[in-house]
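# Fold and geometry: a report
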Amino acid sequence: MVPESNSWHPAEVGEESIRRIGRIVAGLGGELGKLAAHLLDRHGYVIGSDGGGPHRNVLGHPLFELPIWLDRATSDRGELAGDTLLDVCESSLCGYLSVRAEDDYFDGDWDDAHGAMMLSGFFRARHNALLAPLVSDRRFWLRSESLWRAYGEAMLRERSLHEADMQYGPEEFEMVLDRSQPLEIPGNAVLSMKGCWDRTGQHAELVRHLTRATQLFDDFVDAPDDLAAGNFTWMVRRLGGREGGQALRRGMIAWCDQVGAEAGAELDRGVSIATTLGIVELTEWVEARKRVMEQASQRMYEALFKSLHSPR
Amino acid sequence: MTSSRSKLPVWFDRLNERAESMEQIPPELIGRAIQDPDFRRRLLADPENAVKDSGYEFDQDQIEALRELDPKAIDEAIEALIGDLDAAKWG
């Protein structure tokens, strides 16, 4: 099914992209096919024969949304054809899956180094192959190369930053964020095709704010597991994790509101830039994420104070 | 004759005393700590003054109970946070 125009909802385009990836993976066969199917299943990118799924992380990155929003925001230059937009969205998913394969291995969630390398290579190749016929602007490809180089550097350096005796503060956190910046690439492709390359700087800033918000909150929630694994992230240090697990948990109680406020401020900065770019949909997207974060925080404090108040 | 309570470790008695102190904390103050982030921040950072500013008078045990949060309560709270997010994240 190919969308007729960009009036489609991102979730529908996302589902169609996932179906396309599902068909490609089903046709892969061999070892790579099994590994790819496992990766898709592990991250909820599967639509069952009963129509169930996909199960996307509601705090995840706007993989499909950004290209669609940018296409709409530049509608004065015409609209991309439905199959073009779908290729861009599928490319976005392939780029993300290539990162997931490597990140799962780096994080210790997947112990198959060879599988991670080969699978990531396949998805990265498809990510590029889908964009190659669409974008001829050399600036786009140089920017993409630069983003993937920074991604690789961040992935490698993050390992050593986790050591307890290494300096890991706000500057290092910014460098580590380069792991997520390839999220720019599909949106850059849309801007290039629409003749709006001059807007890519603001788009890069927008992606930075959104990924910073996500990373702050993810690192907060992951802090107990990170400490247990010996990963002294900036957040683990901020929460007092160098003093041990109990100190870190006390730090989470003391800092939850503050971290939520920091993530919220980043999302608000994203909305401000999106408005300049002509993207109106981000406000609702941001509000949904803020609600999830606030409700989780609220649940934590409710449990704390109710538990303290209840007889044991 | 020694009471069975006195055979328990000292920390157990202290925990019980602390829990009893928390039970005496007015429920409306607990409710406000849940609902009002600014008050909660002050209560966790400086319980003595936050309580005083709210017009309550707490004894030292009650203040200590707020200052030295029960580790089990903290663990339960963090589990609630993670459980809530897992449910929300994956629908």
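One can find the structure itself at the top, above this paragraph.
Here we summarise the structure given alongside this text. Remember, it's a predicted structure, so these values are computed and weren't measured experimentally. (Residues numbered from 1 in each chain as written. Chains lettered and ligands numbered in written order. Predicted model: local features only at pLDDT ≥ 70, side-chain atom pairs only at ≥ 80, totals over all residues. Heavy atoms only, no water.)

### Description of the overall build of chain B
Note the threshold: Secondary structure elements are taken from DSSP: a helix is a run of H or I of four residues or more, a strand is a run of E of two residues or more, and numbering for both begins at the N terminus. Categorising residues by exposure relies on relative accessible area from a 1.4 Å probe, with only protein chains included: less than 20% of the type maximum marks a residue as buried, more than 50% marks it as exposed, and the intermediate range marks it as partly exposed. Two residues form a contact once any of their heavy atoms are found within 4.5 Å. In this description, accessible areas are obtained by the Shrake-Rupley approach with a 1.4 Å probe, and a residue is regarded as covered only by the protein chains that are shown.
Secondary structure summary: chain B contains six helices and zero strands in total. Secondary structure elements of chain B occur, N-terminal to C-terminal, as α-α-α-α-α-α. Relative to its 91 residues, chain B shows a buried fraction of 35%. Long-range contacts, defined as pairs at least 24 residues apart, comprise 39% of the intrachain contacts of chain B with a sequence gap of at least 6. When the accessible area of chain B is evaluated, it comes to approximately 5,400 Å², of which 50% is carbon and sulfur surface.

### Notes on the interface of chain B and chain A
For clarity, the threshold we go by: Summed over both partners, buried area is the accessible surface (1.4 Å probe) that two parts give up on being assembled. Within this document, salt bridges are pairs made up of a side-chain nitrogen of Lys or Arg and a carboxyl oxygen of Asp or Glu, the two lying within 4 Å of each other. In protein, a polar contact means a hydrogen-donor-capable atom and an acceptor-capable atom, both N or O and within 3.5 Å, with residues adjacent in sequence counting only if both atoms are side-chain atoms; elsewhere, any N or O pair within 3.5 Å suffices.
On the chain A side, the residues contacting the 34 residues of chain B number 35 residues. Contact between chain B and chain A buries roughly 3,400 Å² in total, counting both sides, with carbon and sulfur atoms accounting for 66%. Our count for the chain B to chain A interface comes out at three salt bridges. Of the charged contacts, one joins arginine 40 of chain B and aspartate 257 of chain A as a salt bridge, the two residues approaching to 2.9 Å between their closest N and O atoms. Linking chain B with chain A are four residue pairs in polar contact (both at pLDDT 80 or more). Within the residue set of the side of chain B that touches chain A, elements represented by two or more residues are helix 1 (10-23), helix 2 (27-35), helix 3 (37-45) and helix 6 (71-90) of chain B. With 17 residues, the single largest contributor to the side of chain B that touches chain A is helix 6 of chain B.

### What to know about helix 6 (residues 138-161) of chain A
Residue and element names in this part refer to chain A. Let me state the cut-off plainly: Each helix should span, by expectation, one fewer than its residue count multiplied by 1.5 Å.
An ideal rise of 1.5 Å per residue puts 34 Å on 24 residues; helix 6 measures up with 34 Å between its terminal C-alpha atoms. Here helix 6 has its buried residues at Phe140, Ser144, Leu147, Trp148, Ala150, Tyr151, Ala154, Met155, Glu158 and Leu161. Looking at the buried residues of helix 6, the elements they touch are helix 4 (82-106), helix 5 (113-131), helix 7 (170-176), helix 8 (184-193) and helix 10 (234-238).

### Topic: the packing of helix 1 (residues 10-28) of chain A against helix 4 of chain A
All names here are of chain A. The criterion, for reference: Every angle, taken between N-to-C directions, lies between 0 and 180 degrees, and every axis is a line fitted to C-alpha atoms, over only the stretch in contact when it is a helix. Roughly parallel here means an angle under 35 degrees, roughly antiparallel means over 145, roughly perpendicular means 65 to 115, and every remaining angle is called oblique. For any pair of crossing helices, the crossing counts as left-handed if the nearer helix is rotated counterclockwise from the farther one by less than a right angle, and right-handed if it is rotated clockwise. Each residue is assigned to one class: nonpolar for Ala, Val, Leu, Ile, Met, Phe, Trp, Tyr, Cys and Pro, charged for Asp, Glu, Lys and Arg, and polar for all the others, Gly among them.
Axis separation between helix 1 and helix 4 bottoms out at 9 Å; the angle between their running directions is 65 degrees. With respect to each other, helix 1 and helix 4 are oriented roughly perpendicular. The hand of the helix 1/helix 4 crossing is right-handed. Judged by residue contacts, Val13, Glu16, Ser17, Ile18, Arg20, Ile21 and Ile24 of helix 1 engage Asp83, Leu86, Asp87, Cys89, Glu90, Leu93, Cys94 and Leu97 from helix 4. Tallied by class, the residues present in the contact of helix 1 with helix 4 amount to nine nonpolar, one polar and five charged.

### Here we look at the nonpolar core
Let me state the cut-off plainly: Each nonpolar core is a collection of buried residues, namely Ala, Val, Leu, Ile, Met, Phe, Trp, Tyr and Cys, held together in the definition by side-chain atoms within 4.5 Å.
Core analysis: the biggest nonpolar cluster contains 114 residues, and Leu282 and Leu304 of chain A have the highest contact counts within it. Here the element with the most residues in this core is helix 12 (residues 282-309) of chain A; it accounts for twelve residues. Setting aside chain neighbours within four positions, we find leucine 304 of chain A in contact with Ile253 of chain A together with Leu69, Ala73, Ile74 and Ala77 of chain B.

### A few points about the layout of surface pockets
Spelled out, the test is: Computed over the protein atoms alone on a 1 Å grid, cavities are sets of points where a 1.4 Å probe fits but cannot get out and pockets are open sets with protein on both sides within 12 Å along at least five of seven lines; a residue lines them when it has an atom within 4 Å of a point. Grid points are joined across faces, edges and corners, and a volume is the space filled by probe spheres set on the points.
Of the volumes computed, that of the largest pocket is approximately 1,400 Å³. Forming the boundary of the largest pocket are 48 residues, of which Arg100, Asp103, Asp107, Asp218 and Asp222 of chain A lie nearest the centre. Those elements that provide at least two residues to the lining of the largest pocket are helix 4, helix 6 and helix 9 (200-228) of chain A together with helix 6 of chain B. In the lining of the largest pocket, the residues fall into 17 nonpolar, 14 polar and 17 charged. Lining the second largest pocket are 21 residues, with His9, Ala11, Glu65, Trp285 and Arg289 of chain A positioned closest to its centre. For the lining of the second largest pocket, the secondary-structure elements that each account for two or more residues are helix 1, helix 3 (65-73) and helix 12 of chain A. The greatest single-element share of the lining of the second largest pocket, amounting to five residues, is contributed by helix 12 of chain A. Class assignment of the residues belonging to the lining of the second largest pocket gives a composition of ten nonpolar, four polar and seven charged.

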